[in-house]
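Tertiary structure, described
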Amino acid sequence: MLISTRGRYALRVLTDMAEHDDGGYLPLKEVAARQGISEKYLESVLKVLVRSGILTGMRGKGGGYRLALPPGECTVGQVLRLTEETLAPVACLEPEAAPCPRSAQCRTLAMWQGLDKVIGEYLDGITIGDLIDGK
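So, a few notes on the structure that sits alongside this text. (Residues numbered from 1 in each chain as written. Predicted model: local features only at pLDDT ≥ 70, side-chain atom pairs only at ≥ 80, totals over all residues. Heavy atoms only, no water.)

**Some words on the overall build of the protein**
Looking only at helices and strands, one finds six helices and two strands in the protein. Shown N-terminal to C-terminal, the secondary structure of the protein runs as helices and strands in the order α-α-α-β-β-α-α-α. With respect to the three principal axes, the spread of C-alpha positions in the protein is 60 × 30 × 25 Å. Counting over 135 residues, the protein shows a buried share of 35%. Carbon and sulfur atoms form 53% of the exposed surface of the protein, whose accessible area is close to 8,300 Å². The averaged location of the 17 negative side-chain charges in the protein is 5 Å from the averaged location of its 16 positive side-chain charges. (Helix = DSSP H or I, 4+ residues; strand = E, 2+ residues; numbered from the N terminus. Buried < 20%, exposed > 50% of the residue type's maximum accessible area, 1.4 Å probe, protein only. Areas by Shrake-Rupley, 256 points an atom, 1.4 Å probe, with all protein chains shown as cover. Lys, Arg positive; Asp, Glu negative; His and termini not counted. Charge placed at Lys NZ, Arg CZ, Asp CG, Glu CD.)

Written out as structure tokens, the structure reads:
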């Protein structure tokens, strides 16, 4: 499993926004500058987070983005499932995968299912708040 730039940036931005949360909207330009990410690319990442309800956005003067959830309620797993195509360690465990004709005889399937479970539980056990606290 390889986490893309999109997933890594989403986590960086959410931790940045949580650290700089004063109850108002944070301008995209400021977040992009602090994180060293292009505004254009960052905007595409933030759109996904707004659509999912993790962030809220407001246009115009005084606008920007802010967290819609407390940092302790937003998990790393939740964010990565939104930004990555899959977190599955093998193709047969991807959410839209067709049933494998070899699954009944597959000696490794249980191992891959176990790894998938461990990855999911681990990432779901870490929140944006935990990242800020250095856990």
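Additional details are given in the paragraphs that follow.
**Some remarks on the nonpolar core**
The biggest cluster of nonpolar side chains holds 29 residues, and the ones touching the most others in it are L14, M17, L42, L46, L49 and V79. Residue assignment for this core shows that the elements contributing at least two residues are α1 (5-19), α2 (28-35), α3 (39-51), β2 (64-67), α4 (76-83) and α5 (109-124). The leading source of residues in this core is α1, at seven residues. Those residues in contact with L14, other than ones at most four positions away along the chain, are L49, I54, L55, L67, C74, V79 and I128. (Core = buried A, V, L, I, M, F, W, Y, C linked by side-chain atoms within 4.5 Å. Contact = heavy atoms within 4.5 Å.)

**Some words on α5**
Helix length check: α5, at 16 residues, gives a terminal C-alpha distance of 22 Å against a target of 22 Å (1.5 Å per residue), a fit within 8%. Of the positions making up α5, those classed as buried are L109, I119, G120 and L123. Taken down its axis, α5 places every buried residue within 95° of arc, on the same side. Those residues of α5 that are exposed and aimed more than 90 degrees away from the buried face are A110, K117, V118, E121 and Y122. Those residues of α5 that are buried are in contact with α4. (Expected span 1.5 Å × (residues − 1). Arc of directions from axis to C-beta.)

**Here's the deal with the environment of V45**
Relative to the helices and strands, V45 resides in helix α3. Residue V45 is classed as buried on the basis of its relative accessible area, which comes to 0%. Put simply, V45 and A10 are 35 residues apart on the chain and 6.4 Å apart in space, counted from C-alpha to C-alpha. If near-sequence neighbours (up to four positions away) are discounted, V45 is found in contact with R6 and A10.

**Remarks on α1**
Compared with an ideal rise of 1.5 Å per residue, which puts 15 residues at 21 Å, α1 spans 21 Å between its outermost C-alpha atoms and is within 8% of the ideal. Within the span of α1, buried status applies to G7, Y9, A10, L11, V13, L14, T15, D16, M17 and A18. Residues of α1 that are buried make contact with α2, α3, β1 (55-58), β2, α4 and α6 (128-133).

Interpretation in functional terms is not warranted from these geometric data alone.
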